[in-house]
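Report on the structure
Residues per chain are reported as follows:
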Amino acid sequence: MSKPNGHPNGSATNGAGGYPANTVVPLAAMNLPPSPQFSAQQINELTAALEVPLNPSVIEWRVTNTTKAGKPRGQVVPYADQRAYTDRLNSLFSPAGWTRKYVVQTSANFERSNDQKTVAKVFVTCELMIFGLGLHSATGEEWADDPNAVTSAEAQAFKRACVCFGLGRYLYYYAGTWVDLDDRKRPKTVPVLPPWATPDGWRQGLRPQHRGESPKPDPVANAKPSSDHGSAAPSSLILQIEAMAQALGKRMYRGLLKRIARVWNPRDIQDAPLQQQVLAHVQAAERGFRRLDAALDRVEPEALTQILRSLKLQSIDVVDNLQTLSEIVFALETAAQGTTMKE
């Protein structure tokens, strides 16, 4: 009769290579291929190869923002399926040259801000190891009531870990383009990628001028309609404030408007210095959320949950002011720093 590990009962040498059970076996004795040792020049060359944009044929487009009135239009950004990332890793390192590991966790139930439903979140941490280059980990998340929650969170975590090596990082520089949508809110046409977002353009030295972190307002939707009877078009400051709405989320965006300018709509702010003050605050909040995302990539999901509980908050989505956001970011960065020191 065999034990669960497949070895017969009473065997004195049922370990690897004939070693006694429960003995730590040297890697050399297991005939495993050694991890490649790359020179500094090879590491630079491989890192540069990882950063080259993916082939445009594997790029898809996701609608991230839509107009609320008039002709249906949407802002689209490029993305790639995780299989494109896998193919790039396989082509550079072979399937045996890298590996990944997933850890799945679920948060406690809390009220979701946009629909007031009580639901948990699924968090997936991916550890990506490229032999000879190192290891990076990242976390993906999805609401637990999504039937594909784990699959979506896994893909997000894997691609975020790849970005730590430079693979797919260029996609973060794309600010989004507005296109017409059909009756199912799908793009009627897809934009042409800028030259720097193609392999040939990248290899020629073309690079984006700046990171497109915040969605830009639709120039068509924000154009002055003929029925305004001479009303003034919104200032550039107002357009910049409005462009931050999606990046901040409804709670933080409206919280800052109410706290700083005592309005719900930025177009109700007539004073230019006050517009500038509101813009400064929404930009600070956007930077805070970016720091939060960066820290989350370096800690376990429970770290954020514990910090929120200490502040008696159910979710990061309910934060509506800079002070609370700063406290959360500081605590999370401190936790991330402690994790790094332990490693």
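1. Focus: the sheet that holds strand β2 (residues 73-80)
Taken together, three strands build an open sheet; the order of strands is β1-β2-β8 and the sheet is antiparallel. The outermost strands of the open sheet, each flanked by one partner alone, are β1 (59-66) and β8 (177-180). Going across the sheet, the axis of each strand differs from the next one's by a mean of 50 degrees, ignoring polarity. In this structure, β1 lies alongside β2, joined through seven bridges in antiparallel fashion. By the bridge assignment for β2, W61 is matched with P78.

2. Some thoughts on the confidence of the model for the chain
Residues with a pLDDT of 70 or more make up 80% of the chain, whose mean pLDDT is 80. Within the chain, helix α10 (residues 322-342) has the poorest average pLDDT of any element, 78, and helix α2 (residues 82-93) the best, 96. Predicted confidence is poor over residues 1-30, with pLDDT under 50, and the contacts of this stretch with residues over four places away or in other chains come to 22 contacts. Every residue in residues 223-231 is under pLDDT 50, and counting partners more than four places away or in other chains gives two contacts.

3. Looking at the nonpolar core
If you look at the biggest cluster of nonpolar residues, it comprises 36 residues, and the most contacted ones within it are Y85, L89, L128, F158 and Y170. Looking at this core, the element that brings in the most residues is helix α3 (residues 149-164), giving six residues. Every residue in contact with Y85, bar those within four places of it in the chain, is listed here: L54, A80, F158, K159, C162, L167, G168 and L171.

4. Points about helix α9 (residues 301-310)
For α9, the full list of buried residues reads P301, A303, L304, I307 and L308. Buried positions in α9, seen along its axis, are confined to an arc of 160 degrees and lie on one side of it. Turned more than 90 degrees away from the buried face of α9, the exposed residues are Q306, R309 and S310. A positive phi of about 60 degrees marks K312, the residue just after α9.

5. Digging into unusual backbone geometry
For K185, which is not glycine, the phi torsion reads 60 degrees and is therefore positive. With a phi angle near 60 degrees, R262 is a residue other than glycine that sits in the positive phi range. Structurally, R262 can be placed in the loop between α7 (250-261) and α8 (272-296). Take R262: its relative accessible area is 69%, and that puts it in the exposed class.

What counts and what doesn't
- Residues numbered from 1 in each chain as written.
- Predicted model: local features only at pLDDT ≥ 70, side-chain atom pairs only at ≥ 80, totals over all residues.
- Heavy atoms only, no water.
- Pairing = 2+ DSSP bridges.
- Helix = DSSP H or I, 4+ residues; strand = E, 2+ residues; numbered from the N terminus.
- Axes fitted to C-alpha atoms, helices over the stretch in contact; angles between N-to-C directions.
- pLDDT = per-residue confidence, 0-100.
- Contact = heavy atoms within 4.5 Å.
- Core = buried A, V, L, I, M, F, W, Y, C linked by side-chain atoms within 4.5 Å.
- Buried < 20%, exposed > 50% of the residue type's maximum accessible area, 1.4 Å probe, protein only.
- Arc of directions from axis to C-beta.

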